[in-house]
Amino acid sequence: MSQATAPDLRVDLAGLALAHPVINASGTFDALEQARRFGAAALEPFPFAAYVPKTVTLEPRPGNAPPRITETAAGMINAVGLENPGLDAWLDHLPLLAAVPVPVIVNIGGRRPADYLEVLRRVEERLGYDGGLPDVVGYELNVSCPNVGRGGLAIGTEVAETARLTAAARALTDRLLVVKLTPNVADVVAIARGAAESGADAVSLVNTLKALVLDPATLRPFLGNRTGGLSGPAIKPVALRMVYEVAEAVDVALIGMGGVTSGRDALEFIACGATAVAVGTATFADPEAPRRIVAELAAELAVRGVSSPAAVRGVALASL
């Protein structure tokens, strides 16, 4: 392939056709707020190939006590706590997402399995009879947030619980089903296998690492929640290792995330077996990061003479 030939960035994520591999990590990009503040032109072209809104839970959640976010070396720690208005209010605003010009993947959280299933059931019900709604193509089960105590986090640390929730969710929908995995486990492969064998079309990994930062003056925990989730470049080597291990052992589509700030970062996740990559923390410092990362990924492929992301997916897994 000539280096002058532009790579074809299109990918197939478990049957979902995407224009390129870059999507957003839930809770890090609010498309409607961006349009409200800066006008619709701020979303043209839309920076991601699919849009994952902030986690929705059955009941309203006020989130954790402040302070809730702090910078740290090579990253940030957040303890927002899945703040959201709850399902009823979320459904009232669902038609507004019709303005988003890419497929929508609804991210669901909960304190117990029944909460996840009720949210999914009611969203499916709404999509089944109401017109003028966004192109909701699937769901991401957030069983991995480290900032909400037990409940959803506990589900994602146990193989049997993850498998049971995935199977029950699979019975409620034919849409794309993604399970978002936590790195805060001894064996992420076992959790991924439990999700895949129970009907997940894909797994996304990794969510943030549970972390602590101290107030330098008082030497006491700085965050109101005491601990939070570490994200950004600091966690990239851990995330790459986990994507690599899951790709090597489990036959399931992967969305890699954790410290993606450049096209080369995205390429490395793809080389470790990911079909798509999610960008999160990078957008807080640079709103243009997603578009830049897509352009840099194309350049990384071109300079290597690679025609598409699929052509390089999993090359890191090859035996030496």
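The structure reproduced in this document is the subject of the present report. (Residues numbered from 1 in each chain as written. Predicted model: local features only at pLDDT ≥ 70, side-chain atom pairs only at ≥ 80, totals over all residues. Heavy atoms only, no water.)

Turning next to the pairing of strand β13 (residues 276-279). Burial along β13 is two-sided: Ala276 and Ala278 facing one way and Val277 and Val279 facing the other are all buried. Looking at chain direction, strand β3 (residues 22-24) and β13 are connected through three bridges and run parallel. Paired with Asn24 across the two strands is Val279, which belongs to β13. (Buried < 20%, exposed > 50% of the residue type's maximum accessible area, 1.4 Å probe, protein only. Helix = DSSP H or I, 4+ residues; strand = E, 2+ residues; numbered from the N terminus. Pairing = 2+ DSSP bridges.)

Counted according to the given criterion, the structure contains four aromatic pairs. Between Phe46 and Tyr51 the ring centres are 6.0 Å apart and the planes differ by 80 degrees, which places this aromatic pair in the edge-to-face class. Exposure class is identical for Phe46 and Tyr51. Each is buried. By the ring-pair criterion, three or more aromatic residues cluster together here, those being Phe29, Phe46, Phe48 and Tyr51. (Phe/Tyr/Trp six-rings, centres within 6.5 Å; stacked < 30°, edge-to-face > 60°.)

Taken together, the side chains of Leu212, Leu214 and Leu219 make up a nonpolar region of the molecular surface, amounting to roughly 310 Å² of accessible area. Positionally, Leu219 belongs in the loop between β10 (209-212) and β11 (227-231). (Patch = residues over 30% accessible without salt bridge, like charges linked within 9 Å, V, L, I, M, F, W, Y side chains within 5 Å. Areas by Shrake-Rupley, 256 points an atom, 1.4 Å probe, with all protein chains shown as cover. Salt bridge = Lys/Arg side-chain N within 4 Å of Asp/Glu carboxyl O.)

Time to look at the pattern of salt bridges. Counting across every chain of the model gives 19 salt bridges. For the salt bridge of Glu83 with Arg68, the shortest nitrogen-to-oxygen distance reads 2.5 Å. In this pair, Glu83 is assigned in the loop between β5 (75-78) and α2 (87-93) and Arg68 in the loop between α1 (31-38) and β4 (69-72), connecting sequence segments 15 residues apart. We classify Glu83 as partly exposed; its relative accessible area is 32%. Here Arg122 and Asp88 are joined by a salt bridge, their closest N and O atoms 2.5 Å apart. Residue Arg122 is found in helix α3 (residues 113-129), and its partner Asp88 is found in helix α2; the two are separated by 34 residues along the sequence. Accessibility expressed as a relative area gives 23% for Arg122, which makes it partly exposed. Through salt bridges with shared partners, one network takes in Glu33, Arg36 and Arg37.

None of this, on its own, says anything about what the molecule does.
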